[in-house]
Protein chains: 2
Amino acid sequence: MPDATATMTMDKGLDHTIIGESTKSFIDGQKGVLEYVGIDIDTLARSSTFEETCFLLLNDRLPDAAELDAFTARLRSNYDLSDRMWAAVAALPPEAAPMHVLQTMVAMLALEDPDCDNQSREAEEAKAIRVLGATPAIIANFDRLRRGLEPVRPRGEDNVATSFLRMLTGETPGEASAKALDVCLILHADHGINASTFATMVVMGTESDMYSAITAAIGTLRGPLHGGANERVMYMLQGIGGVGAVEDFVLGRLSRKEKIPGFGHRVYKAIDPRATYLKTFAESIAAETGNEDLFRMSRGIEEIMDAQVGEKGIHPNVDFYSATTYFSLGLAIDLFTPIFAMSRNAGWAAHALERFDDNRLIRPRCQYTGPHGAPYIPMDER
Amino acid sequence: MPDATATMTMDKGLDHTIIGESTKSFIDGQKGVLEYVGIDIDTLARSSTFEETCFLLLNDRLPDAAELDAFTARLRSNYDLSDRMWAAVAALPPEAAPMHVLQTMVAMLALEDPDCDNQSREAEEAKAIRVLGATPAIIANFDRLRRGLEPVRPRGEDNVATSFLRMLTGETPGEASAKALDVCLILHADHGINASTFATMVVMGTESDMYSAITAAIGTLRGPLHGGANERVMYMLQGIGGVGAVEDFVLGRLSRKEKIPGFGHRVYKAIDPRATYLKTFAESIAAETGNEDLFRMSRGIEEIMDAQVGEKGIHPNVDFYSATTYFSLGLAIDLFTPIFAMSRNAGWAAHALERFDDNRLIRPRCQYTGPHGAPYIPMDER
């Protein structure tokens, strides 16, 4: 509508648009601060658990012991898949991309939920917890099956990180490994209104449902401009070849004005607050799993980058040390982004429910630049 | 980031935001105009075909005869499903909601596309044509299977409308029926940047792919604030009971200030230009299929509404007569929105590719209204 758009503002990336209020996470990129509901991310990584962090994001407060028990039990009751879902996982083409697998299987969860058309607040939250609970079994068992292994069912007594690693490897994970993954899940659980979180808001805006919202978010996270940065870090580390080649590699890239994956962040100009604690984990897990050289390469890159471009505010971000951590944990590189999704489910659900509570249809306009009054020329005159 | 958001604008529904340029469709709600690439929608409905309209939206011009043949052949080569997809359709729970089925199956198309990770313009367009081609078989055969019928494979010589109706009923559709559906597909193929089309842009913004974009769009269209209006029209018509009860029903609703489904439109204040030609089809199909009373009820509602609120700009919209048309064609009411998706695939793909050509990550901010510097209180002190 030409009259209406004349008074409107063009904002192709919504860089200048605030889409609403939120109490979930606060980012101060200049100071290197990330808080979930006011609590510093580094403190949460050191003291909390992924389960408690999920409760925090969904409820805007920490749980007491009984509440945490109840929430955890609810999450665990959703770990296992239905027979139909197990059959669907077994029928997946082994060459499929794991993010597309996750998207398909989360959409499929809706098909057999008898409460799917119940769109109360409680039902939408229950759908979110179902997705949160079922995601680890989907990712881990798709990976097992494509490796020719038998599926492993989740055990109700494991936390999310332990459950995922046990299904993936078929063995009880070491304490340090499970803790490292738990920390990674805490660190990735929310990050303001990023593109995938915004996708959940667009979907919920039409009064659609949580399954549809998270399915859309997974498809959005899949894009290389969003998820996938830690995969690129890992491919870079594998390509360097060894600790001795690090300096030439980094200086060569910088001299050609090429970016180094895992360094710098659109938001953080100070150190990414998620990287600090993760680095110590990356080191211990690498040592425990015989990947010391991988960690030494990472440290080497960081030191050279710090000397070269540290004063420009280019520092390692959360992806840089999560790559080393995930690889040391034995994860296939194409599972890095699905694990990001496994964690971000919490933030997606929290923001989608926040929107549910104060909903508004999201419908921008476009500036029409095509022709007007064009004739329909009959085929024989074209 | 508090400093940045201070200079930003709050726009919760993006009502005041132009998200970019587009050459696809032009809407003038005051004058009741809808054009696809400059060509009036009523002219297209009367003279074009769904296949030609898809080409128009994707290429910004009408095809010549050879181009239309090539495009149609390409579309038809994607009609049939793989053995794995047929097995997946057969394994669907019969009680599933058709929109969730469609979302799951479109996501699944990505899993076995060997070109899925090819993100060239050509590959993304090929993915769109694959979705466009495969959607009718998915919807029609899910409906057959839940009715306990054997699946029916598509025939390569049918156009989309004929193919869909043949699979659905197992019989060659009458010419008028196939033409009516074809007209409905033309009328629903695009409509500016609505919520589902915007969802494709958010997904493509991260350089994700067409399958992910259309999957997100289906989940967005599913919401009752977007798709689903013609389903509500049909439930209303069924609830009235008969032609004689129309007047009391409409006047009763109006006196209670209740809305009448299928009347009025957020954008159109004049007559919805998509309703005009469709009405004549609704009448002929209703007559042909013995649903004259249904059409008489619709006409009756329109006449009373016109007398009562016509001067306020409340007129029947595209959903009003598509409901009668779809019902007369024998379609289950919960297939109305999936058929909307079957058509809107074209617009989704056109806008997603337009964004691909001039991409930008879409990432708004939120106004953080939660606490700062909150302590992590240990569990035993909570």
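Predicted model, so just to flag it, every value in this text is computed and none were measured.

## Looking at the side chain of A:Glu112
- Summarising the element assignment, A:Glu112 is placed in the loop between helix H6 (98-109) and helix H7 (121-146).
- A polar atom in the side chain of A:Glu112 sits 2.3 Å from the side chain of A:Ser82.
- In terms of polar contacts, A:Glu112 uses its side chain to reach the side chain of A:Arg84, at 3.2 Å.
- If near-sequence neighbours (up to four positions away) are discounted, A:Glu112 is found in contact with A:Ser82, A:Arg84, A:Met85, A:Arg130 and B:Pro93.

## Thoughts on the domain arrangement of chain A
All names here are of chain A.
- Annotation of chain A at the domain level lists domain 1 (34-223 + 343-358) and domain 2 (229-328).
- Summarising the inter-unit geometry, the C-alpha centres of domain 1 and domain 2 are found 27 Å apart.
- The interface of domain 1 with domain 2 comprises 16 residues on the first partner and 15 residues on the second.
- Here domain 1 packs against domain 2, burying approximately 1400 Å² in sum over the two surfaces, 70% of which is carbon and sulfur.
- On the domain 1 side of the interface with domain 2, the three residues burying the most area are Leu 187, His 188 and His 191, jointly 33% of the side's total.

## Let's talk about the relation of the copies chain B and chain A
- Laying chain B over chain A is done by rotating through 180° and shifting 0.0 Å along the axis; what remains is an RMSD of 0.0 Å. Such values leave the two copies arranged in the relation of a two-fold axis. In terms of proximity to the rotation axis, the leading residue of chain B is B:Ala216, whose C-alpha is 2.1 Å off the axis.
- Both copies share a contact surface, since 100% of the interface residues of chain B are interface residues in chain A too.

## A look at the packing of aromatic side chains
- On inspection of all chains with the given rule, the structure shows 15 aromatic pairs over all chains.
- Taken together, a centroid distance of 5.4 Å and an interplanar angle of 50° make the contact between A:Tyr368 and B:Phe26 tilted. With one member in each of two chains, A:Tyr368 in strand E6 (residues 365-368) and B:Phe26 in strand E3 (residues 25-28) form a pair that bridges those chains.
- Each ring, one from B:Phe320 and one from B:Tyr321, has its centre 4.9 Å from the other, and the planes form 80°; the classification is edge-to-face. Taken individually, B:Phe320 and B:Tyr321 each receive the classification buried, so the pair is uniform in this respect.
- Each member of the aromatic cluster is reached from another via a ring pair, and the members are A:Phe263, A:Phe295, A:Phe320 and A:Tyr321.
- When the ring centre of A:Tyr376 is taken as reference, the NZ or CZ atom of A:Arg382 above it lies at 5.3 Å.

What counts and what doesn't
- Residues numbered from 1 in each chain as written.
- Chains lettered and ligands numbered in written order.
- Predicted model: local features only at pLDDT ≥ 70, side-chain atom pairs only at ≥ 80, totals over all residues.
- Heavy atoms only, no water.
- Helix = DSSP H or I, 4+ residues; strand = E, 2+ residues; numbered from the N terminus.
- Polar contact = N/O pair within 3.5 Å; in protein donor to acceptor, adjacent residues only side chain to side chain.
- Contact = heavy atoms within 4.5 Å.
- Domains from an automatic or database assignment.
- Buried area = accessible area lost by both parts, 1.4 Å probe.
- Least-squares fit on C-alpha atoms with pLDDT ≥ 70 in both.
- Phe/Tyr/Trp six-rings, centres within 6.5 Å; stacked < 30°, edge-to-face > 60°.
- Buried < 20%, exposed > 50% of the residue type's maximum accessible area, 1.4 Å probe, protein only.
- Lys NZ or Arg CZ within 6 Å of the ring centre and 35° of its normal.

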